[in-house]
Structures are given as structure tokens and as C-alpha cells.
Amino acid sequence: MGRLDDKVAFITGAARGQGRSHAIRLAQEGADIIALDLCEEIDSVKRFYPGATEDDLAETVSAVEKLGRRIVASKADVRDLAETRAALDKGLAEFGHVDVVSANAGIFLFGDKTHEVSEQDWDDVQDINLKGVWHTCKAVIPQLIEQGTGGSIILTSSTAGIKGTPNVAAYTASKHGVVGLMRTLALELAPHAIRVNTVHPTGVSTDMILNEATYKLFLPDVEHPTKEKAEPAFIAGNALEIPWVDPIDISNALLFLASDEARYVTGTELKVDAGYTVK
């Protein structure tokens, strides 16, 4: 018996990183998966790290299917409500219902003082990290209400959704916005037994932070900083003496929030941050 037997999870940003980890972890506990990812480069992002690809999404599909679970995956953009709805509807046509939502898709731009952030960078971050989360909720909530069986919505925020982060204004603002959205939805959806929570990781060992541009954020005076050189700076930010957590650590938190073990947990900011926000 799995903790999510007979459940269906809708996961955005599922091609790699945390999204792939979430799909695999929930599938391990019995869930079938509806997955979407942009699978394209974004001009403002590619100077920091490469975008996910359709091959990445195919790897997620293969990993879930190897566990004996079903998955319906779509190339879709959370900035586009119609595309997000279409991806969900494609999964609903296969599975008939949805029970768990992981609004995980996001980007990370950084390095400029707040007053120097470009209009395009600001808009891209808000459109994906905040509006995209809203679109995900907007697409799925009517289905959850109509089913009448409750549900769990987990929005991926960040330690930057709890405390200020210099030179990361757009991202920090977007992740704080996600918390406000969660709190409002938790109240609106409680009468329908739909729980809404946020998860707040510290740095996670994915392509989003394991790149030279991010290392340089911590080591601005080093011409070509390496992962090894950057590790002490990452460790310094956390209370526990680790540089970052692994995707599975966030997936395990998400699994808890998705499961009946968290049946009365709503409106909560679950930190998986190695003590970053209390240091």
C-alpha cells in the first residue's frame, strides 16, 4: 500500500530537477502523474543556466513508467492559461480526476540591484514564478471543487519567500507573492476540504543553482568560481553545515503535504531550509 494509492498528481516544471523528483517520489507512493514543462530556452534565463528540453521530460516519463505508474506529459507554458488547462485536461481525459497539485515551475534570475533589474527580467520572473502558479491553481481548482473529494495544493516558494535576499529582487518578490496566494487560497478552499500550503527550500542541488553564474553571486571577485570553491559560501548561509539539500528532501516534504498524514495541515509554510531562515 502506498500513501497516494489511487491518487493523481498534477506537477508543473516536471522535466527535471525538483519537478522530476516530485513525480518520481509521488509515483513511488502510488500516484499517477499529469506533468507539464515548457521545455524551451527563455532568453532572460539562458545566460544563467540552460532550459529543460523535451528529452528531459521524456526521461521523467520513463522514470515514472518504470515504477509501474501512468503519466501523461505535455509541453506547455504556465504563463499561458489555455496551455496549462489543456495539459491538465489531457491528463483528466486519461485519469478522470486529480487530487494533488504541485505548482513547481519557476526560474531564478539574480545579480542586479533592485533599481537596476530590467523590465524584461522582472516580467519573466513574475509571469512564471507567480502568475504561472496562479494559472496552475486557476486551471485546477474548478475540477477539485467539482469532484467534491478535497485535495492538496502545494506551491513551491523558497527561503526567499520568507526573508529578503540582496540582488535577487524579482525572485524574492515572486516567492513572497506565492505565500500570499497560498494564504488566500487556504481560506477560500477550506470549505471544500482542499488544503493549500507552501514549501520553502534552501538551495537545492539542481541546474538552477549548480552553475557558474550562481557561484559568482556568492564569489563575485572570483573569475571562474567552481562548485568546490562555492560550497563554503553556501554552507555559511545555512545553520546546518551543508551547502544545499537534494531534490528528494523537498519531494519528501511535498509527499507529506500531499498525503492524509497532513489531512489537517493547511495555510502552512513548510521550510526545508537547513536553518537558513533562522540564521
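Residues numbered from 1 in each chain as written. Predicted model: local features only at pLDDT ≥ 70, side-chain atom pairs only at ≥ 80, totals over all residues. Heavy atoms only, no water.

Under an unreviewed UniProt entry, the name given to the protein chain is Mycofactocin-coupled SDR family oxidoreductase, and the organism recorded is Gordonia mangrovi. The annotation that UniProt attaches to the protein chain under Sequence similarities (unreviewed entry) is "Belongs to the short-chain dehydrogenases/reductases (SDR) family." (UniProt positions renumbered as here; feature names shortened; annotations may be inferred.)

Peer 1: Would you mind going over the overall build of the protein chain in detail, with residue names and values included?
Peer 2: Within the protein chain, the secondary structure is distributed over 8 helices and 7 strands. A compact globule built from 279 residues would reach a C-alpha radius of gyration of about 19 Å, and the protein chain, at 18 Å, matches this within 12%. The long-range share in the protein chain, meaning contacts at least 24 apart out of those at least 6 apart in sequence, stands at 73%. Carbon and sulfur atoms make up 51% of the accessible area of the protein chain, which totals about 12200 Å². (Helix = DSSP H or I, 4+ residues; strand = E, 2+ residues; numbered from the N terminus. Rg over C-alpha atoms; globule rule 2.2 N^0.38 Å. Contact = heavy atoms within 4.5 Å. Areas by Shrake-Rupley, 256 points an atom, 1.4 Å probe, with all protein chains shown as cover.)

Peer 1: Help me get a handle on the nonpolar core, residues and values and all.
Peer 2: Counting residues in hydrophobic clusters, the biggest one holds 48 residues, and the most contacted among them are Phe 10, Ile 107, Val 140, Ile 153, Leu 155 and Val 196. The set of elements that each furnish at least two residues to this core consists of strand 1 (8-12), strand 2 (32-37), helix 3 (81-95), strand 4 (100-103), helix 4 (119-147), strand 5 (151-156), helix 5 (169-189) and strand 6 (194-201). Tallying contributions element by element places helix 5 first for this core, with 9 residues. In this structure Val 196 touches Ile 153, Leu 155, Met 182, Leu 185, Ala 186, Leu 189, Thr 266, Gly 267 and Thr 268, once residues within four positions along its chain are discounted. One finds Ile 11, Val 64, Ile 250 and Val 272 within the second-largest nonpolar core, a separate group that totals 25 residues. (Core = buried A, V, L, I, M, F, W, Y, C linked by side-chain atoms within 4.5 Å. Buried < 20%, exposed > 50% of the residue type's maximum accessible area, 1.4 Å probe, protein only.)

Peer 1: Describe the packing of helix 1 (residues 17-28) against helix 8 (residues 247-258), naming the residues involved and giving the relevant values.
Peer 2: Remark: helix 1 packs on helix 8, axes separated minimally by 9 Å, with the N-to-C direction vectors making an angle of 50°. Taken together, the axes of helix 1 and helix 8 lie oblique to each other. The two elements helix 1 and helix 8 meet at a crossing, and its hand is right-handed. Contacts from Gly 17, Gln 18, Ser 21, His 22, Arg 25 and Leu 26 in helix 1 reach Pro 247, Ile 248, Ile 250, Ser 251, Asn 252, Leu 254 and Leu 255 in helix 8. Within the contact of helix 1 with helix 8, the residues separate by chemical class into 6 nonpolar, 6 polar and 1 charged. (Axes fitted to C-alpha atoms, helices over the stretch in contact; angles between N-to-C directions. Parallel < 35°, antiparallel > 145°, perpendicular 65-115°, else oblique. Left-handed = near helix turned anticlockwise from the far one by under 90°. Nonpolar A, V, L, I, M, F, W, Y, C, P; charged D, E, K, R; others polar.)

Peer 1: Can you tell me about the packing of aromatic side chains, naming the residues and giving the values?
Peer 2: Inspection of every chain in the model, using the stated rule, returns 5 aromatic pairs. Consider the rings of Phe 48 and Phe 110, whose centres lie 4.6 Å apart with planes at 45°: the pair is tilted. Of the two residues, Phe 48 sits in the loop between strand 2 and helix 2 (54-66) while Phe 110 sits in the loop between strand 4 and helix 4, which places them 62 residues apart along the sequence. Members of the aromatic cluster, connected to one another through ring pairs, are Phe 48, Phe 108, Phe 110 and Tyr 171. Lying across the ring of Tyr 276, Lys 163 places its NZ or CZ 4.6 Å from the centre. (Phe/Tyr/Trp six-rings, centres within 6.5 Å; stacked < 30°, edge-to-face > 60°. Lys NZ or Arg CZ within 6 Å of the ring centre and 35° of its normal.)

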